[in-house]
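Chain and residue survey
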2 protein chains.
Amino acid sequence: MEDGTSKSLGYCPDTDADYDVLQWDTREDCEVRQILDRVADKWSLLVIALLDRRSLRFTELRRKVDGISQRMLTRTLRHLERDGLVRRTVHPTVPPRVDYELTPLGATLHDTIRALVTWTETHQNEIAAARAAYDVRTADEQRQAEQETERREQIARSVSAGRP
Amino acid sequence: MEDGTSKSLGYCPDTDADYDVLQWDTREDCEVRQILDRVADKWSLLVIALLDRRSLRFTELRRKVDGISQRMLTRTLRHLERDGLVRRTVHPTVPPRVDYELTPLGATLHDTIRALVTWTETHQNEIAAARAAYDVRTADEQRQAEQETERREQIARSVSAGRP
DNA sequence: CGGAATCCTGCCTGATACTG
DNA sequence: CAGTATCAGGCAGGATTCCG
């Protein structure tokens, strides 16, 4: 209800004849895209990665996922619950206590997501190096571009000075 | 330069005494989080998933990634290039031609992301079922809540009518 | 404690126009 | 073709408040 199910039937002119490479339905209204957009959400990813077998309470999650607002945590958890990835258990105590844990389905996704986290941990140095290199390159190009612009402006000035 | 490069080296003051479960640095300024936030972006994910060995031109990508604005495609590609995941090749022809392809590093990430896409394809039926079930449940609860509210309002009305 | 409701800001997006 | 630039608008997301 409310969100990602039926949408603008975004018809997709899509591909024509390049089936040489594996492809999948990339249309926006495609089921896989819908799910992927949810799963590829940074908060969802973190929550699932943190729910490693052990169930966590709302506030525990809030503390562990640094930077998340309670609004987004609530939304994220509702989405994950709706998708059958997380089970929400309310204990009718006072003060209230709500536990979140992965469902079996969520656990299978957890494995995949852990792989992503592991990849990140493994390659973070390479990425940092790539970023540094890129930034240097870009800074150089910008300096050159500025010089180029200045040169042209000088030409333009001398021209307009020639015939006022 | 500017964003997430050299920072808090992975040690995590974080938790106090719950090391029972595997944990990693979840702080917002953590290197891994920075990368993860980028990788977990829906557009990045799609682009990497589509760049399967074969290089693609800008417009090819634009057509394949249904729903992306050219602004976001440009941004996404720049980010991926900066992170060393995608190589951008400009052919000085006319009209211009720019090819994008995965770097070796990007290819390793591609494997992980394909796993995510495959997971989605495999479990989309289960998720659809979970969503349907959830929506039914929620609709029921809402109907009950509305009835409850109405009942209380009636009581309130009869009370205020009793002593005006 | 675990939310729901409200307000408000900022970014994404879409459209358009202009370069090279 | 492959962008960059700019502007309007809409909605995601943060901060705050209040309730069971």
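Residues numbered from 1 in each chain as written. Chains lettered and ligands numbered in written order. Predicted model: local features only at pLDDT ≥ 70, side-chain atom pairs only at ≥ 80, totals over all residues. Heavy atoms only, no water.

**Some thoughts on unusual backbone geometry**
Glycine aside, residues mostly have negative phi angles, and peptide bonds mostly take the trans form. Defined as follows: Each helix is a run of H or I in the DSSP string that is no shorter than four residues. Each strand is a run of E no shorter than two, and both are numbered from the N terminus.
Val-94 of chain A connects to Pro-95 of chain A through a cis peptide bond whose omega is 5°. Residue placement: Pro-95 of chain A occurs in the loop between strand E2 (86-91) and strand E3 (97-102).

**Section: the environment of Leu-105 of chain B**
Residue and element names in this part refer to chain B. Short version of the rule: When accessible area is computed with a 1.4 Å probe and restricted to protein chains, residues below 20% of their type maximum are described as buried, those above 50% as exposed, and intermediate ones as partly exposed.
Mapped onto the secondary structure, Leu-105 falls in helix H5 (residues 104-162). Judged by relative accessible area, which is 11%, Leu-105 ranks as buried. Separated by 22 residues in the primary sequence, Leu-105 and Asp-83 place their C-alpha atoms 9.5 Å from one another.

**Looking at the environment of Arg-97 of chain B**
All names here are of chain B. Put simply, the rule is: By definition, residues are in contact when any of their heavy atoms lie within 4.5 Å. Throughout this description, a polar contact denotes any pair of N or O atoms lying within 3.5 Å of each other; where both atoms belong to protein, one of them has to be capable of donating a hydrogen while the other can accept it, and for residues adjacent in sequence the pair is counted only when both atoms sit in side chains.
Position of Arg-97 relative to the elements: it lies in strand E3 (residues 97-102). In the structure, Arg-97 is positioned 39 residues away from Val-136 in sequence and 51 Å away in space, judged by C-alpha atoms. Residue contacts for Arg-97: discarding those within four places in its chain leaves Arg-57, Thr-89, Val-90 and His-91. There is a polar contact of 3.5 Å between the side chain of Arg-97 and the side chain of Asp-99.

**Considerations on the relation of the copies chain B and chain A**
Put simply, the test is: Residues below a pLDDT of 70 in either copy are left out; the C-alpha atoms of the rest, at least 70 in both, set the least-squares superposition of the copies.
Least-squares fitting of chain B to chain A yields an RMSD of 0.1 Å, with the transformation described by 0.0 Å of translation along the axis and a rotation of 180°. Taken together, these values place the two copies in the relation of a two-fold axis. Across chain B, the rotation axis passes nearest the C-alpha of Ala-40 of chain B, at a separation of 2.4 Å. Mapped onto chain A, 92% of the interface residues of chain B are again interface residues, and the two copies thus contact each other with one and the same surface.

**Some words on the interface of chain B and chain A**
Short version of the rule: By buried area we mean how much accessible surface two parts lose on assembly, using a 1.4 Å probe and totalling the loss over both. Salt-bridge detection follows one rule: a side-chain nitrogen of Lys or Arg within 4 Å of a carboxyl oxygen of Asp or Glu.
Taken together, the contact between chain B and chain A spans 66 residues of the former and 65 residues of the latter. Regarding the contact of chain B and chain A, the summed buried area is about 6,400 Å², with carbon and sulfur atoms giving 61% of it. Among the residues chain B hides against chain A, the three largest losses belong to Asp-66, Trp-119 and Arg-131 of chain B. Together they make up 12% of the total. Across the chain B-chain A interface, the total number found is six salt bridges. Here Arg-131 of chain B and Asp-83 of chain A are joined by a salt bridge, their closest N and O atoms 2.6 Å apart. On inspection of chain B and its partner chain A, the count reaches 13 residue pairs in polar contact (both at pLDDT 80 or more). Going through the elements one at a time, helix H1 (31-39), helix H2 (42-50), helix H3 (58-64), helix H4 (70-82) and H5 of chain B are the ones with two or more residues in the side of chain B that touches chain A.

**Concerning the protein's contact with DNA strand C**
Note the following rule: Nearness of a residue to a molecule or strand requires only that one of the residue's heavy atoms be within 4 Å of it.
Lining the immediate environment of DNA strand C, one finds 21 residues, of which Thr-59, Arg-88 and Tyr-100 of chain A together with Arg-71 and Met-72 of chain B sit closest. Put simply, 82% of the atoms of DNA strand C that lie within 4 Å of the protein are in sugar or phosphate. At 3.0 Å, a side-chain N or O of Trp-43 of chain B approaches a phosphate oxygen of DNA strand C. Those elements giving two or more residues to the surface near DNA strand C turn out to be helix H3 (58-64), helix H4 (70-82) and E3 of chain A together with H4 of chain B.

**Some remarks on the confidence of the model for chain A**
Close reading of the predicted structure is inappropriate where its pLDDT is low. All names here are of chain A. For clarity, the threshold we go by: The predictor attaches a confidence to each residue, called pLDDT, with possible values from 0 through 100.
Looking at chain A, the pLDDT average stands at 80 and 74% of residues meet or exceed 70. When pLDDT is averaged over each element of chain A, E3 comes out on top at 97 and helix H5 (residues 104-162) at the bottom at 81. Low pLDDT (under 50) marks residues 1-20, which in the prediction has 26 contacts with non-local residues, meaning those over four places away or in another chain.

**Considering the packing of H2 of chain B against H4 of chain B**
Residues and elements named next belong to chain B. Inclusion rule: Orientation is described by lines fitted to C-alpha atoms, with helices fitted over the stretch in contact, and by angles between N-to-C directions that extend from 0 to 180 degrees. Any angle between 65 and 115 degrees counts as roughly perpendicular, while under 35 counts as roughly parallel, over 145 as roughly antiparallel, and the rest as oblique. Put simply, Ala, Val, Leu, Ile, Met, Phe, Trp, Tyr, Cys and Pro go in the nonpolar bin, Asp, Glu, Lys and Arg in the charged bin, and everything else, Gly too, in the polar bin.
Relative orientation of the contacting elements H2 and H4 amounts to 75°, with a least axis distance of 10 Å. As judged from the angle between their axes, H2 and H4 are roughly perpendicular. Residues Trp-43, Ser-44, Val-47 and Ile-48 of H2 touch H4, and the partners they reach there are Met-72, Leu-73, Thr-76, Leu-77 and Leu-80. Residue composition of the contact of H2 with H4, by class: seven nonpolar, two polar and no charged.

**Points about the protein's contact with DNA strand D**
Every one of the 17 residues lining DNA strand D counts as a neighbour, but Met-72 of chain A together with Arg-57, Thr-59, Arg-88 and Tyr-100 of chain B are closest to it. Interatomic distance of 2.9 Å between a side-chain N/O atom of Ser-69 of chain A and a phosphate oxygen of DNA strand D. Contact distances for DNA strand D include 3.1 Å between a base oxygen and a side-chain N or O atom of Gln-70 of chain B.

**Concerning the pairing of E3 of chain A**
Residues and elements named next belong to chain A. For clarity, the threshold we go by: A pair of strands counts as paired when DSSP detects no fewer than two bridges linking them.
Bridge analysis of strand E1 (residues 56-57) against E3 gives two bridges, and the strand direction is antiparallel. Bridge pairing in E3 places Leu-56 opposite Tyr-100. In this structure, the hairpin formed by E2 and E3 is closed by a connection of five residues.

**Here we look at the UniProt feature "domain: HTH hxlR-type" (unreviewed entry) in chain A**
Note the cut-off: UniProt positions are given in the numbering used here, feature names are shortened, and annotations may be inferred rather than shown by experiment.
Listed under "domain: HTH hxlR-type" (unreviewed entry) in the UniProt record, and renumbered for this structure, are residues 30-128 of chain A. Helix makes up 64% of residues 30-128 of chain A and strand 14%, whereas the separation of the span's terminal C-alpha atoms amounts to 35 Å.

**Remarks on the pattern of salt bridges**
Here the structure, examined in full by the defined rule, presents 14 salt bridges over all chains. Shared partners join several salt bridges into a network, and the residues in it are Arg-38 and Asp-83 of chain A together with Arg-131 of chain B.

**With respect to the side chain of Thr-120 of chain A**
Within the fold, Thr-120 of chain A resides in helix H5. What makes Thr-120 of chain A buried here is its relative accessible area of 0%. Discounting chain neighbours no more than four positions away, the residues touching Thr-120 of chain A are Val-32, Ile-35 and Leu-36 of chain B.

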